[in-house]
Amino acid sequence: MRTPILAANWKMHKTVGEAVAFAKAFVPLVAGVANAEIVVAPPFTALAAVGAALAGSNVKLAAQNAHFEKQGAFTGEVSPPMLADLGCAYAIVGHSERRALFGEPSELVAKKAAALLAHGIRPIVCVGETLDEREAGRTFAVLESQLDGSLASVDGGRAAEVVIAYEPVWAIGTGRTATPEIAQEAHAMIRSWLGKRFGGAAAQMRIQYGGSVKPDNTAQLMAQTDIDGALVGGASLEAESFAKIVAASA
Ligand code: 13P
């Protein structure tokens, strides 16, 4: 059985004070949840304070990005050991906003994923097609190419530590969630790709769905065979809303 994993991607939202207020409100709401992994990814500036507020709880800390080097002359970047030092259990890499707005290719995502694993942080590797790509019938080809590139450096023995997030770009921040059937079709394709690449470990690997996940559509999505969690943007910014998404998944 795969333990569901629900992750809040706050993107560029919340000051330290706002982030800590969320953590304090959220921890008691999910304290009784034992059968799901719960993760919060604040902006870098709030990682330390949120980490402290989550101490002793069942909520884990994640970063939204990472550089692949340990240290060096990389102005503005943050390294995997720095994130490990703050207690990050996970880091999101290859989010479509980073791919589209910051020009990150899959080869760079692959370096980040490998570097994170080397420092004991589990990568959440995002893939997903645009609307144009879907309408042109290229969804599977796009996913395959992103998976080929982004997971190129993952050692098979570590595959079970990697989480994949399928986030169709047309569903992100649009209120237009993929139907459970459309999402399941993509997740099944991804799991079959994982099976070819990693063998038996594919059955243990979690594949999250992301894109306009809300409290009232979570259960239907989570009921699909190959959907093992959610990566949530907008609906994760309020403690009660994200707690409802966790409750609908656990
Ligand atoms: P929304 O939930 O706001 O659509 O964002 C999804 C996402 O990009 C999570 O990484």
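The structure under discussion appears in the preceding block.
What counts and how
Residues numbered from 1 in each chain as written. Predicted model: local features only at pLDDT ≥ 70, side-chain atom pairs only at ≥ 80, totals over all residues. Heavy atoms only, no water. Near = heavy atom within 4 Å. Polar contact = N/O pair within 3.5 Å; in protein donor to acceptor, adjacent residues only side chain to side chain. Areas by Shrake-Rupley, 256 points an atom, 1.4 Å probe, with all protein chains shown as cover. Nonpolar A, V, L, I, M, F, W, Y, C, P; charged D, E, K, R; others polar. Helix = DSSP H or I, 4+ residues; strand = E, 2+ residues; numbered from the N terminus. Contact = heavy atoms within 4.5 Å. Expected span 1.5 Å × (residues − 1). Buried < 20%, exposed > 50% of the residue type's maximum accessible area, 1.4 Å probe, protein only. Arc of directions from axis to C-beta. Pairing = 2+ DSSP bridges. Axes fitted to C-alpha atoms, helices over the stretch in contact; angles between N-to-C directions.

Novice: How should I be thinking about the site of the ligand in this particular structure?
Specialist: In the region of the ligand, 13 residues are neighbours, and Lys11, His95, Gly173, Ser212 and Gly234 sit closest. Taking Lys11, its side chain carries an N or O atom lying 2.8 Å from an oxygen atom of the ligand. Protein burial of the ligand: of its 300 Å² of free accessible surface, 96% is covered by the chains. Across the shell around the ligand, the residue classes tally to four nonpolar, seven polar and two charged.

Novice: Explain the side chain of Gln208 to me, please; I cannot follow it from the model alone.
Specialist: Tracing the backbone through its elements, the reader meets Gln208 in strand 7 (residues 207-210). At 3.2 Å, the side chain of Gln208 forms a polar contact with the backbone oxygen of Ala230. Apart from residues no more than four positions distant in its own chain, Gln208 is found in contact with Ile5, Leu6, Ala7, Ile124, Val163, Ile164, Ala165, Tyr166, His187, Gly229, Ala230 and Leu231.

Novice: Just checking my understanding: could you explain helix 1 (residues 16-30) for this structure?
Specialist: Given 3.6 residues to a turn, an α-helix orients residues that are three or four positions apart in the same direction. The terminal C-alpha atoms of helix 1, which comprises 15 residues, lie 21 Å apart, in line with the 21 Å expected from a rise of 1.5 Å per residue. Restricting attention to buried positions, one finds in helix 1 the residues Ala19, Val20, Phe22, Ala23, Phe26, Val27 and Val30. The buried residues of helix 1 occupy an angular sector of 155° when projected down its axis, which confines them to one face. Seen from the buried face of helix 1, the exposed residues on the opposite side, beyond 90 degrees, are Gly17, Lys24 and Pro28. Next to the buried residues of helix 1 lie strand 2 (37-41), helix 2 (47-54), strand 3 (59-63) and helix 10 (239-249).

Novice: How should the sheet that holds strand 3 be read in this particular structure?
Specialist: Two strands in a sheet stick together by hydrogen bonds in their backbones, pointing the same way (parallel) or opposite ways (antiparallel). Spatial ordering of the closed barrel is given by 1-2-3-4-5-6-7-8, a layout of eight strands whose pairing is parallel. On average, each strand axis in the sheet is tilted by 25° relative to the strand beside it, whichever way the strands run. Pairing analysis gives five bridges linking strand 1 (residues 5-9) to strand 2, with the strands arranged parallel. Across the sheet, the residue bridging to Asn9 is Ala41, located in strand 2. The sheet strands contacting helix 8 (residues 180-198) are strand 5 (122-127), strand 6 (163-166) and strand 7, and the helix crosses strand 7 at an angle near 150°.

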